[in-house]
Every structure is written in C-alpha cells, then in structure tokens.
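Results of the structural survey
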Amino acid sequence: MRFEEQRELMVQEQIISRGITDEKVLDAMRKVERHLFVPEHSRYNAYQDFPIPIGEGQTISQPYIIALMIELLELKSSDKVLEIGTGSGYQTALLAEMADTVCSIERIASLARKARDLLNKLNYENIYIKVSDGTKGWGNTYPSIKEFDAIIISAGAPKIPEKLVEQLANNGRMILPYGNRFSQILTRLTKRGNDIDREEFGGCIFVPLIGKYGWTY
Ligand code: SAM
C-alpha cells in the first residue's frame, strides 16, 4: 500500500475512530509524511499504532497521542507555540502546519540536527529549533518570544516546570505528561490571570523529561 493510503488509514482507524474531531489536526496528519521522520529501516511501520525508536534511546510517539495532545492545545493560526522535545521533528511539522511560529527545544544535539535538516528540506519557514534543556524555557534565543500561546512537553515530567508556566501567555494552554518515571497522566494547564486551571486526560507513557526542572538523569 502506498504511504498516502497508509496515512489516510491511520487518520481513519487510529485518530478519528478514537474521537479526534479537530479538522485542522486531521488535515495536518493527512499532509505530513510521517515515514520521512523515522529511520529508513522502520518506514514500513511508520503509520502503525505505536511509537518507533529514532535513536539515542528516544522515540517518535504513537500517532494518536500526538493528535490528542495537539487537539488539546486548541491552536489558532496566529499562535506562537513552544515544543519541548523535538525528537524526530514530526510533531514539530504538525504544529507548524497549524500555528504561526513553532519554537522547539531538544536536549540531544544529533536529534535536533537531523530534525532541523529534514524540516528545512521540507521548506518549513516558521520553525526554530535549539539544542538546550527545554525545562528552562526559550530564553533569549531568536525569535524573541517571551510568552507562548501554547506549550507542549513531549516527555514525562515529574513536576510542573515552573519556568515554562511563567512563559505561558494569559489564556495560554500547556499540555504535558505528568507523573512518575514509568507512567504519567496527560495534563492540561490553562493560565487565567494568576490562576492555573488543571485538567487530566488519562494515562500515558513517555520517555523522561531530563533537565533542571525535570528528572536529573
Ligand atoms: N514528539 C517527538 C516526535 O514527533 O518525534 C518525540 C519526542 S520524544 C517522545 C521526547 C524527546 O524529548 C526526546 O527526543 C528527548 O531527547 C527530549 N527531551 C527530554 N528531556 C528534554 C529536555 N529537558 N529538553 C529538551 N528535550 C528533552
């Protein structure tokens, strides 16, 4: 079966069937060629219902969990998004299809380099990737954005990274897997003035968020 057909099957059988309805998310998943973001020897599995190793002990997440997290961000086309954990760059591309600007931080330089090269080749002009500890936030790097409309953390956090909450705009949404090393709860925080609303969306399992405001190893 051609990759395009596999992509449509993925959207129908894994994403829509589990209740994702945001057309912008579905369109982005129909468009972005997930098989380009996995190692060549795993391409035949790129559209299957599971995460896939991408090297350095990291994974590209299962398509459904990515779709759910992005839907929960409730993105508008004018939004500035911060992503922690670029990984393969697949989710970064989906976000870039839906938002104005995507700033993405990856702590492993080789993954960041690969993702940047591929996303450049695919002509994305609204993505900025830096190698750093994402738990500390975007900092003074170009483009100079002090507050993000949406923040997505793609690795399991043992605590809420306060630095990232500080960089969330008013009415901004942050989605993160929050919990222990082996299982987490998908959690959405919404900033409302000085208050933070907190909602939970079920269990998930992610690789650890390693950094100053994450796990120490
Ligand atoms: N969504 C990604 C994709 O589409 O390929 C997969 C992300 S993978 C599950 C999690 C990534 O978070 C890994 O690449 C890991 O190196 C990165 N990571 C973990 N802790 C980090 C931190 N403090 N700052 C930046 N990246 C981090």
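Before any of the text, the structure's been laid out above.
Read on for an overview of the structure. (Residues numbered from 1 in each chain as written. Predicted model: local features only at pLDDT ≥ 70, side-chain atom pairs only at ≥ 80, totals over all residues. Heavy atoms only, no water.)

**Describing the overall build of the chain**
What counts here: Helix and strand assignments follow DSSP, with helices taken as H or I runs no shorter than four residues and strands as E runs no shorter than two, numbered in order from the N terminus. Each radius of gyration is computed over the set of C-alpha atoms, and the globule rule expresses the reference value as 2.2 Å times the number of residues to the power 0.38. With a 1.4 Å probe rolled over the protein chains alone, any residue whose accessible area is under 20% of its type maximum counts as buried; one over 50% counts as exposed, and the rest are partly exposed. It only takes one pair of heavy atoms within 4.5 Å for two residues to be counted as in contact. Surface accessibility follows the Shrake-Rupley procedure with a 1.4 Å probe radius. Residue values consider only the protein chains on display as shielding. Here the positive residues are Lys and Arg and the negative ones are Asp and Glu; neither His nor the chain ends is included. For the purpose of locating charges, the reference atoms are NZ of Lys, CZ of Arg, CG of Asp and CD of Glu.
Each helix and strand counted, the chain has six helices and nine strands in total. At 16 Å, the chain has a C-alpha radius of gyration in line with the 17 Å of a compact globule built from 217 residues. Per-residue burial for the chain yields a buried fraction of 53% across its 217 residues. Taking the intrachain contacts of the chain between residues at least 6 apart in sequence as the baseline, contacts between residues at least 24 apart amount to 54%. When the accessible surface of the chain is split by element, carbon and sulfur atoms take 48% of a total near 10,200 Å². One finds the centroid of the 27 positive side-chain charges in the chain at a distance of 6 Å from the centroid of its 29 negative side-chain charges.

**Comments concerning the sheet that holds strand S8 (residues 184-192)**
Selection rule: A pair of strands counts as paired when DSSP detects no fewer than two bridges linking them. Inter-axis angles, ranging from 0 to 180 degrees, are taken between N-to-C directions of lines fitted to C-alpha atoms, where helices are fitted over the stretch in contact.
Read across the open sheet, the seven strands follow the order S5-S4-S3-S6-S7-S8-S9; overall the sheet is mixed. Every other strand in the sheet has two partners, leaving strand S5 (127-131) and strand S9 (195-204) as the edge strands with one partner each. Each strand of the sheet is rotated relative to its neighbour by a mean of 15°, with strand direction disregarded. Bridge count for S8 against S9 is eight bridges, and the pairing is antiparallel. Residue pairing for S9: Thr190 is matched across the bridge by Asp197. Contacts between helix H5 (residues 109-121) and the sheet are confined to strand S4 (101-106) and S5, with S5 contributing the most and set at about 165° to the helix.

**A word on the site of the ligand**
To keep things clear, this is the line we draw: Summary of the distance rule: residues count as near a molecule or strand when at least one heavy atom falls within 4 Å of that molecule or strand. In the analysis that follows, any N or O atom pair within 3.5 Å is treated as a polar contact, provided that within protein one partner can donate a hydrogen and the other can accept it, and provided that, for residues neighboring in sequence, both atoms belong to side chains.
The local shell around the ligand holds 26 residues, among which Ser88, Glu106, Asp133, Gly134 and Ile210 are the closest. Between the ligand and Glu106 there is a distance of 2.6 Å, counted from an oxygen atom to a side-chain nitrogen or oxygen. Between the ligand and the protein, one listed contact pairs a nitrogen atom with a backbone N or O atom of Gly134 at 2.8 Å. For the shell around the ligand, the secondary structure elements donating two or more residues are strand S2 (58-60), helix H4 (90-98) and S4. Among the elements that make up the shell around the ligand, the one with the highest residue count is S2 (three residues).

**Details of the nonpolar core**
Heads up, the rule is: The set of buried Ala, Val, Leu, Ile, Met, Phe, Trp, Tyr and Cys residues whose side-chain atoms join them within 4.5 Å is what this entry labels a nonpolar core.
If you look at the biggest cluster of nonpolar residues, it comprises 50 residues, and the most contacted ones within it are Met29, Ile70, Leu75 and Tyr90. At the level of elements, helix H1 (3-15), helix H2 (23-31), strand S1 (52-55), helix H3 (63-73), H4, H5, S5 and strand S6 (148-153) are the ones that each hand at least two residues to this core. In contact with Met29, not counting residues within four places along its chain, are Arg7, Met10, Val11, Ile15, Pro63, Ala67, Tyr90 and Leu94.

**A few points about H4**
The buried count for H4 comes to eight of nine residues, which makes it a mostly enclosed element. Every buried residue belonging to H4 is among Tyr90, Gln91, Thr92, Ala93, Leu94, Leu95, Ala96 and Met98, and all of these are buried.

**Considering the pattern of salt bridges**
The criterion, for reference: Basic side-chain nitrogens of Lys or Arg form a salt bridge, by our definition, when they fall within 4 Å of a carboxyl oxygen of Asp or Glu.
Summed over the entire model, instances satisfying the criterion amount to 14 salt bridges. Salt-bridge contacts for Arg2 lead to Glu4; the nearest nitrogen and oxygen are separated by 3.7 Å. Sharing partners across several salt bridges, the network here consists of Arg2, Glu4 and Glu5.

**Description of the packing of aromatic side chains**
Selection rule: Stacked, tilted and edge-to-face are the three classes applied to pairs of Phe, Tyr and Trp rings, where Trp contributes its six-membered ring and a pair requires centres within 6.5 Å; stacked means planes under 30 degrees apart, edge-to-face means over 60, and tilted covers the rest. Either the NZ atom of lysine or the CZ atom of arginine qualifies as a charge over a ring when it sits within 6 Å of the ring centre and within 35 degrees of the ring normal.
Applying the stated criterion across every chain yields a total of three aromatic pairs. With a centroid separation of 6.1 Å and an interplanar angle of 50°, the aromatic rings of Phe3 and Tyr47 are classed as tilted. Within this pair, whereas Phe3 is found in helix H1, its partner Tyr47 is found in the loop between H2 and S1, the two being separated by 44 residues in sequence. Given the relative accessible area of 30%, Phe3 is considered partly exposed. A relative accessible area of 2% places Tyr47 in the buried class. Summarising the aromatic geometry, the rings of Tyr128 and Tyr142 are spaced 5.7 Å apart at their centres and angled 80° between planes, so their arrangement reads as edge-to-face. Placement of Tyr128 in strand S5 and of Tyr142 in the loop between S5 and S6 is noted, with a sequence separation of 14 residues between them. Relative accessible area serves as the criterion here: at 63%, Tyr142 is assigned to the exposed category. The aromatic ring of Tyr64 is capped on one face by Arg18, whose charged end is 5.0 Å from the ring centroid.

This is a description of form; function is not addressed.
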